[in-house]
Amino acid sequence: MTALSAVEAHPALSSTTAYETALAQLREASRAYYGGENSPMDDASYDALRRAVLAWEAAHPHTTAGSTTGLVADGAAGGDIPHTTRLLSLDNVFSPEQLSGWEASLKRRLGRDAEGGFTVEPKLDGAAVAARYRDGRLAQIITRGDGTHGEDVSHVIGSVHGLPEQLDRPLTFEARGEILFTQAQFDTANEVRTAHGAPPFANPRNGAAGTLRAKDRPYRLELTFWAYGAVDLDDESFLPVGASHAEVLAAVGEAGVQTTARTPAGLHVVSTIAEAQAKVEEIAAMRAGLPFGIDGVVIKADSATDQGAAGVGSRFPYWAIAYKLPAVERQTVLTDVVWEVGRTGVLAPTAVLAPVDLDGSTVSRATLHNPADITRRGLHLGDTVTVYKAGDIIPRVQAPVIELRPQGAVPVPLPTECPHCGGEIDFPVKSVCSDWLNLCAPVSITQCH
Ligand code: IVH
């Protein structure tokens with residue numbers, strides 16, 4: 001499990017000016033991240049810069065009065081709808097040793113072992129929301145914002161798989177969880193956007209945050225929700241008294257709302273942190289095959305008593321921790337596209353990229369599948385693109401970051417003749433069932449005959 005402890009390095013900050021510049025960059029990246037714009041920095045670069053800022057703050061406590069590192073979203077997100085109780089973030093660990101360190105600090109807070117054991121579930125890479133059900137009807141969806149106030153994004157009600165508009169029972173409660181595009185929903189979303197002349201989303205998480213904020217699009221995009229928690233609403237008691245985390249999610253699931261327990265990665269209840277670590281590794285190994293992005297695994301003290309006794313800090317609860325997995329997406333530059341002819345005569349484009357470190361290896365080439373994939377993604381030579389690689393799968397180009405497109409960039413040219421034999425090229429259209437949600441998309445392939 002060496003890959004799990006791989007952490008991106010960032011040079012130490014050398015001056016107050018460098019520190020202040022870094023803080024501004026973090027805040028700008030957070031503003032874009034939570035606002036659904038394409039971020040100027042990928043997650044690995046953000047995490048590395050944040051670690052450098054925290055190291056500077058630890059070494060120079062007197063220079064950090066203006067620091068925003070203690071604020072949710074670096075103080076960049078907000079909204080006007082008050083949350084019932086604060087929506088918290090999570091502290092991170094990156095290795096088995098750090099996970100054991102977290103358990104030790106939990107024990108210190110409790111003065112004993114966690115009596116109810118731990119839950120282990122995927123950390124979904126989407127946008128956090130609170131979904132309010134009143135008398136069984138989905139009344140309102142609110143973004144996390146700064147944790148105390150969020151934005152009303154109820155316009156997506158009806159397009160979110162897993163968040164039914166109407167429950168079977170007249171229940172009142174607030175489900176909390178993550179809204180995201182599955183990979184299949186993301187591909188469809190970018191096709192719809194390109195067809196409407198809109199720029200493609202750079203990645204699923206960005207697209208989800210942007211879709212929540214965009215209230216007047218001429219098209220609707222399907223999203224998916226998974227709950228990872230719930231709270232009572234309007235003084236109605238929905239949650240069983242003293243319910244554990246697993247019991248809370250069971251109640252939400254029985255109400256008809258999708259929870260992390262329903263993801264292929266599941267929700268696991270274990271007794272020891274060693275068992276939790278083993279589950280982290282199992283979920284990490286499933287990552288490449290999951291139909292949606294995860295950026296970690298979340299470990300929580302299961303019992304309500306343990307949670308209450310451990311308490312919460314200004315940004316995150318002390319009873320839960322995110323075990324971050326290495327970044328599987330980076331941004332880099334598409335320098336060229338080369339074409340190869342496969343055994344069946346199919347022309348396969350390969351992206352040539354400025355080398356970038358990704359999930360333990362240096363990536364300089366990535367698959368582009370077929371010509372339709374290039375036009376659908378609107379790729380230009382010289383584009384900064386998002387590249388995705390998880391586990392052993394071949395890296396793939398996801399989308400261009402339109403904001404970073406150089407002036408005068410031209411669309412990737414498609415071959416007019418077979419690069420192997422110089423012959424003509426066919427454009428047959430083949431119907432392929434492309435995903436787990438059973439959406440079928442026509443995919444055109446180019447063939448050398
Ligand atoms: S629990 C009180 N569980 O990750 C505990 N969060 O980086 C609050 N997230 O703000 C969060 N999957 O938006 C929790 N299974 C999961 C999660 C999860 C994704 C998000 C959440 C949180 C962020 C922190």
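Note that this is a predicted model, so its numbers are computed, not measured. (Residues numbered from 1 in each chain as written. Predicted model: local features only at pLDDT ≥ 70, side-chain atom pairs only at ≥ 80, totals over all residues. Heavy atoms only, no water.)

**Re the packing of aromatic side chains**
To be explicit about the condition: Pairing of aromatic side chains requires ring centres within 6.5 Å, counting the rings of Phe and Tyr and the six-membered ring of Trp. Pairs whose planes differ by under 30 degrees are stacked, by over 60 edge-to-face, and all others tilted. Here a strand is any run of E in DSSP of at least two residues, a helix any run of H or I of at least four, and the numbering for each starts at the N terminus. Burial here depends on accessible area, computed with a 1.4 Å probe over protein chains only, as a share of the maximum for the residue type. Under 20% is buried, over 50% is exposed, and the range in between is partly exposed.
All chains considered together, the criterion is met by 7 aromatic pairs. Measuring from centroid to centroid gives 5.4 Å for Tyr 133 and Phe 173, while their planes differ by 20 degrees, and the two rings are stacked. Taken together, the positions of Tyr 133 in strand E4 (residues 127–134) and Phe 173 in strand E8 (residues 173–180) put the pair 40 residues apart, joining distant regions of the chain. Overall, the relative accessible area of 0% leaves Tyr 133 in the buried class. For Phe 173, a relative accessible area of 0% gives the class buried.

**Quick look at the side chain of Glu 57**
Let me state the cut-off plainly: As used throughout, the charge tally considers Lys and Arg to be positive and Asp and Glu to be negative, leaving His and the chain termini uncounted. The salt bridge criterion pairs a side-chain nitrogen of Lys or Arg with a carboxyl oxygen of Asp or Glu, the two atoms within 4 Å. In the analysis that follows, any N or O atom pair within 3.5 Å is treated as a polar contact, provided that within protein one partner can donate a hydrogen and the other can accept it, and provided that, for residues neighboring in sequence, both atoms belong to side chains.
Mapped onto the elements, Glu 57 comes out in helix H2 (residues 43–59). Within the buried set, Glu 57 has no salt-bridge partner at all; the shortest N-O distance to an opposite charge, 7.1 Å, is to Arg 50. Among the polar contacts listed, one links the side chain of Glu 57 to the side chain of Tyr 19, at a separation of 2.6 Å.

**Considering the site of the ligand**
As a reminder, the rule being used: One heavy atom suffices: a residue is near a molecule or strand as soon as one of its heavy atoms comes within 4 Å of it. Each accessible area is a Shrake-Rupley estimate made with a 1.4 Å probe; only the visible protein chains count as cover when residues are assessed.
Lining the immediate surroundings of the ligand are 15 residues, of which Pro 122, Lys 123, Arg 144, Glu 178 and Tyr 228 lie closest. Leu 124 has a polar backbone atom sitting 3.0 Å from a nitrogen atom of the ligand. With respect to the ligand, the side chain of Arg 144 contributes an N or O atom lying 2.8 Å from an oxygen atom. Protein contact buries 88% of the 530 Å² of open area that the ligand shows by itself. Taken together, the elements giving at least two residues each to the shell around the ligand come down to strand E3 (118–124) and strand E11 (294–301).

**Here we look at the side chain of Arg 193**
Rules: Here a residue-residue contact requires only that any non-hydrogen atoms of the pair lie within 4.5 Å.
When you line up the elements, Arg 193 lands in helix H4 (residues 183–195). Buried charge Arg 193 goes without a salt bridge, the closest partner of opposite sign being Glu 403 at 8.0 Å. When residues no more than four places from it in sequence are discounted, the contact partners of Arg 193 are Ala 198, Pro 199, Pro 200, Phe 201, Arg 217 and Tyr 219.

**A word on the pattern of salt bridges**
Under the defined criterion, the tally for this structure stands at 16 salt bridges. Note that Glu 151 and Arg 213 form a salt bridge whose closest N and O atoms lie 2.8 Å from each other. Here Glu 151, found in the loop between strand E6 (149–150) and strand E7 (160–161), pairs with Arg 213, found in helix H5 (residues 204–213); they are 62 residues apart in sequence, far enough to count as distant. A salt bridge links Arg 405 to Asp 383, with the shortest nitrogen-to-oxygen separation between them at 2.8 Å. You can see Arg 405 sitting in the loop between strand E17 (396–400) and strand E18 (425–426) and its partner Asp 383 sitting in the loop between helix H9 (371–377) and strand E16 (384–388), a full 22 residues away along the chain. Its relative accessible area of 25% is what places Arg 405 among the partly exposed residues. Several salt bridges share partner residues, and in doing so they unite Glu 191, Asp 373, Arg 376 and Arg 377 into one network.

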